[in-house]
There are 2 protein chains.
Amino acid sequence: MKCSIPKGTRDFLPLEMARRNYIFDTIRNVFRTYCFAPIETPALENLSTLMGKYGEEGDKLLFKVLNSGNFMEGVDFQNDYHKVAPQICERGLRYDLTVPFARFVVQHRNDIIFPFKRCQIQPVWRADRPQKGRYREFYQCDADVIGSDSLLHELELVQMIDEVFQGFGIETVLKINNRKILAGIATLIGMPEKLTDITVAIDKLDKIGLDNVKAELLERGLSAEAIAKLQPVFDLSGSTSDKLQSLEKLFAGDETGLKGVEEMRTLFGYIDTVSPKCQVELDLTLARGLNYYTGAIFEVKAKNVSIGSICGGGRYDNLTGIFGMPDVSGVGISFGADRIYDVLTELNKFPENLEHLSTVLFINFGEKELLQCIAYASVLRKNGIAAEIYPEAAKMKKQMSYADAKKIPFVAFVGENEIINNSLTIKNMATGEQKTVSAEKMTEEFTTVKS
Amino acid sequence: MKCSIPKGTRDFLPLEMARRNYIFDTIRNVFRTYCFAPIETPALENLSTLMGKYGEEGDKLLFKVLNSGNFMEGVDFQNDYHKVAPQICERGLRYDLTVPFARFVVQHRNDIIFPFKRCQIQPVWRADRPQKGRYREFYQCDADVIGSDSLLHELELVQMIDEVFQGFGIETVLKINNRKILAGIATLIGMPEKLTDITVAIDKLDKIGLDNVKAELLERGLSAEAIAKLQPVFDLSGSTSDKLQSLEKLFAGDETGLKGVEEMRTLFGYIDTVSPKCQVELDLTLARGLNYYTGAIFEVKAKNVSIGSICGGGRYDNLTGIFGMPDVSGVGISFGADRIYDVLTELNKFPENLEHLSTVLFINFGEKELLQCIAYASVLRKNGIAAEIYPEAAKMKKQMSYADAKKIPFVAFVGENEIINNSLTIKNMATGEQKTVSAEKMTEEFTTVKS
């Protein structure tokens, strides 16, 4: 029988797990200190919760779960498969953490305290075509605050982004923009109804350049005149406050645009007081595709690595509206664990000690010595040290190869002499250095040295 | 739109999450110190990997995932639904962690080091009828060693069980038996081919009593004579070594039975040297249903709580055989997180501090004070303390109610005086006590007090 797993899914081996857990733990700890409470939602959601939330394309990418029992009863299989699928599948796998979170907030509105700060680190599933760096099952790491429109939350998300990437030792650029400013720009050129087209085109500036963006805007039905009116926006220069001041003038009389400028002025004012380590920029060409954003939008890129954004998010004013709870404002960010993994690999920034899943291996000399090893290992383990005993009295060479292959930093020998003296001999596998220590000192020995 | 989740699935709110994570972290830490390396496998497996591994009943309980695209092409829907399902579903959700682990070991045999000690904490899915304490999506916490038949592993699993439940403060009984002893008993009464019937009946001794077990054995085709021969086994008494000695005599000449006695003698000898805190018993009536066990079997029950087993496992000699890699011995245990949760709830043993998701709330007096709060909170967070700031300058009563509702143990006030003196005033919400401390001392203040 051939052993394989579905296309686009992955097994994680111990070293990959250690590295992934390092990523999750770093993010989780920052979420914790900012008081974002962890929640979990089921992998299985009712399809009615998921369908129609991700556009037509998204509906196709939902994994649908076959009803149990006789799923065929009363179903007309002469119909098109699009019509049959929802009849034989009541449930599906979650596609992201955002829609389940909206559903969660509405369903538990009486059991949670607003403003509600939640984080969620769980896998999601998409029936996308698998390709390099794109999987059908992958983790998302989200943090959102819902039920408050205070800009303090935008600041805290910026601080969290900064601390997470500082923790990883990754240099980043955090770009911020505001959907209200983009709306102001659309109004400015006399085409507020073209906001989406404008943002989609502007979003590509980085990739395709200004001339191509203009060509695309023409294609999308903007007049040459309107496009010409955009020029002052592209020409904005100077400091963040210079740019905001220029925009303020351009937007004179447009309430939404001015609100956007005001929000950015407040947020950047806050950001100045905390002196983030990452480079924070107001980027008027940042648009982010998702339609539900209504205020600040964020995007993080790693410096010196050509990979897409590794974190993003923004403010949305009506996420829970789809589930019948309107006018609840929220703001959130999502870290891309898989891309962060790739960045850390490329920059060689994973801590080396992640390779050491065991701190010490006790060599097995036979039944008599084994009992002493069991006693020693028990003490170490109770003190939090990862200790293992080779399970058989195999040849020394075999036992040492095992330690080598597993990159175990220390090997302990407990022979006749050591038993008599209530001691053990420890070999540092990196340096080859060997020393005998008393049993009372062994815990100290393994906690003070770097493993 | 009505908000709900599929029957048998659950959302976990922050307090439940804190309690569940306490359970997982406790187990995970013990796994770590015994050098069981974490792995993960995908939720989605090929149905061909899963089908036929859990018996006919199990196949029915597998959640099957509909193929994407036109799943209907070339499928004859005149067939019975059992035949149609595997044609329109190539993938399914994992049903346990054991079969995926066996698949993993075979698939990655060249990338892992044997003996391979792995742990895995992930959800599984079963289309079971939901009922109290039984879910369609739930977590399993497994630890297995594969590629070694050393009884040292049985000992380590016993130690791990002991440490986990000590960590929880739950008093437990750990029952141990050996399938080879059960086989010896079947041989003893002249019906080795009836081993499964005998174990299934004996397994019920606790629940239905000896007379009913005997009645069931009769029904299952054992002669009255054979059943009478079982009597000495039920009559065994005295210490573990007394029982093993009696069995040794009964089994004279039966290699398998004697091997079982020998294994138990060695294992209990090891266990004696480590003085476990939990009550460890040789229980000859422990059978455990799963057919793949071939050596030691384990089962843990909580004292003073009437709930089923909260941990179980055993040795299997041919788990990877189904995937074409025969003769690899393994032994493992699985903790039941949901039942442990119920036991901890019933015994009121969850640590109280799990309720405190935030350590301190800064009261928001307005823009000017806010900037100072942001600076203070940043320092605390960088020192690992969970700090939040109320997002608006709302009425004091509202802000204090928020702290109360979230059970935040400390509230911090930063007003005009505090800003001048570079200090903050801290209120202990449990005692009502209030004091002003300098900014330099605040981290200390929150780390030395119990939150």
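Reference entry: report on the structure contained in this document. Since the structure is predicted, the reported quantities are computational estimates derived from the model, not experimental observations.

Focus: the overall build of chain A
Link 1 in the chain: Scanning chain A for helices and strands turns up 17 helices and 16 strands.
Link 2 in the chain: Its C-alpha atoms give chain A a radius of gyration of 28 Å, clearly above 22 Å, the size a compact globule of 451 residues would have.
Link 3 in the chain: Projected onto the principal axes, the alpha-carbon positions of chain A cover approximately 90 × 65 × 45 Å.
Link 4 in the chain: By sequence separation, contacts in chain A at least 24 residues apart represent 67% of the contacts at least 6 residues apart.
Link 5 in the chain: Both charge centroids of chain A, one from 54 positive and one from 61 negative side chains, sit 4 Å from each other.

Things to note about the sheet that holds strand β6 (residues 137-146) of chain B
Residues and elements named next belong to chain B.
Link 1 in the chain: Strands sit in the order β1-β5-β6-β11-β10-β9-β7-β8 across an open sheet of eight strands; the sheet is mixed. Edge positions in the sheet fall to β1 (37-38) and β8 (279-282), since each has one partner strand and no second.
Link 2 in the chain: Pairing between β1 and strand β5 (residues 116-125): two bridges, direction parallel. Bridge pairing links alanine 37 to arginine 118 in β5.
Link 3 in the chain: Helix-sheet contacts for helix α13 (residues 337-346) involve β6, β9 (293-302) and β11 (330-335), and the interaxial angle to β6 is about 110°.

Topic: the interface of chain B and chain A
Link 1 in the chain: If you look at the interface, chain B gives 100 residues, while chain A gives 100 residues.
Link 2 in the chain: Both faces considered, chain B and chain A share a buried interface measuring about 8,500 Å² in area, 64% of it formed by carbon and sulfur atoms.
Link 3 in the chain: For the pair chain B and chain A, the number of links is five salt bridges.
Link 4 in the chain: A salt bridge links B:Glu388 to A:Lys117; its shortest N-O distance comes to 4.0 Å.
Link 5 in the chain: At the junction of chain B and chain A, the tally comes to 31 residue pairs in polar contact (both at pLDDT 80 or more).
Link 6 in the chain: Ranked by residue count, the leading element in the side of chain B that touches chain A is helix α14 (residues 367-382) of chain B, at seven residues.
Link 7 in the chain: Its residues assigned to classes, the side of chain B that touches chain A shows 56 nonpolar, 21 polar and 23 charged.

Some words on the pairing of strand β15 (residues 423-428) of chain A
Consecutive side chains along a regular strand alternate between the two faces of the sheet.
Residue and element names in this part refer to chain A.
Link 1 in the chain: Burial runs high along β15: five of the six residues are buried.
Link 2 in the chain: Where strand β14 (residues 410-413) and β15 come together, four bridges link them in antiparallel fashion. The residue of β15 that forms the bridge with phenylalanine 410 is asparagine 428.
Link 3 in the chain: Bridge count for β15 against strand β16 (residues 434-438) is five bridges, and the pairing is antiparallel. Opposite lysine 427, over in β16, you have glutamine 434 as the bridge partner.

So, the packing of helix α8 (residues 195-202) of chain B against helix α9 (residues 205-219) of chain B
Residues and elements named next belong to chain B.
Link 1 in the chain: One way to put it is that α8 packs onto α9 with a least axis distance of 8 Å and a crossing angle of 140°. Accordingly, the angle class assigned to the pair α8 and α9 is oblique. Seen from α8, the contacting residues are Asp197, Ile198, Val200, Ala201 and Ile202; seen from α9, they are Leu205, Val213, Glu216 and Leu217.
Link 2 in the chain: For the contact of α8 with α9, the per-class residue count stands at seven nonpolar, no polar and two charged.

What to know about the nonpolar core
Link 1 in the chain: Residues A:Ile88, A:Phe335, A:Phe362, B:Ile88, B:Phe335 and B:Phe362 are the most contacted members of the largest nonpolar core, which totals 266 residues.
Link 2 in the chain: Discounting chain neighbours no more than four positions away, the residues touching A:Ile88 are A:Val65, A:Leu66, A:Asn67, A:Phe71, A:Val75, A:Phe77, B:Leu66, B:Phe71 and B:Ile88.
Link 3 in the chain: The next biggest cluster of nonpolar side chains, apart from the first, holds 14 residues, and it includes A:Ala43, A:Ala127, B:Phe63 and B:Trp125.

Here we look at the side chain of B:Arg94
Link 1 in the chain: Residue position: B:Arg94 is located in the loop between β4 (91-93) and α5 (98-107).
Link 2 in the chain: Buried and unpaired, B:Arg94 has no salt bridge, with A:Glu137 as the nearest side chain of opposite charge at 5.3 Å.
Link 3 in the chain: There is a polar contact of 2.7 Å between the side chain of B:Arg94 and the backbone oxygen of B:Pro123.
Link 4 in the chain: Not counting residues up to four positions away in its chain, the partners in contact with B:Arg94 are B:Thr41, B:Pro42, B:Ala43, B:Glu45, B:Leu50, B:Pro100, B:Gln122, B:Pro123, B:Val124 and B:Trp125.

Thresholds, definitions, all that
Residues numbered from 1 in each chain as written. Chains lettered and ligands numbered in written order. Predicted model: local features only at pLDDT ≥ 70, side-chain atom pairs only at ≥ 80, totals over all residues. Heavy atoms only, no water. Helix = DSSP H or I, 4+ residues; strand = E, 2+ residues; numbered from the N terminus. Rg over C-alpha atoms; globule rule 2.2 N^0.38 Å. Contact = heavy atoms within 4.5 Å. Lys, Arg positive; Asp, Glu negative; His and termini not counted. Charge placed at Lys NZ, Arg CZ, Asp CG, Glu CD. Pairing = 2+ DSSP bridges. Axes fitted to C-alpha atoms, helices over the stretch in contact; angles between N-to-C directions. Buried area = accessible area lost by both parts, 1.4 Å probe. Salt bridge = Lys/Arg side-chain N within 4 Å of Asp/Glu carboxyl O. Polar contact = N/O pair within 3.5 Å; in protein donor to acceptor, adjacent residues only side chain to side chain. Nonpolar A, V, L, I, M, F, W, Y, C, P; charged D, E, K, R; others polar. Buried < 20%, exposed > 50% of the residue type's maximum accessible area, 1.4 Å probe, protein only. Parallel < 35°, antiparallel > 145°, perpendicular 65-115°, else oblique. Core = buried A, V, L, I, M, F, W, Y, C linked by side-chain atoms within 4.5 Å.

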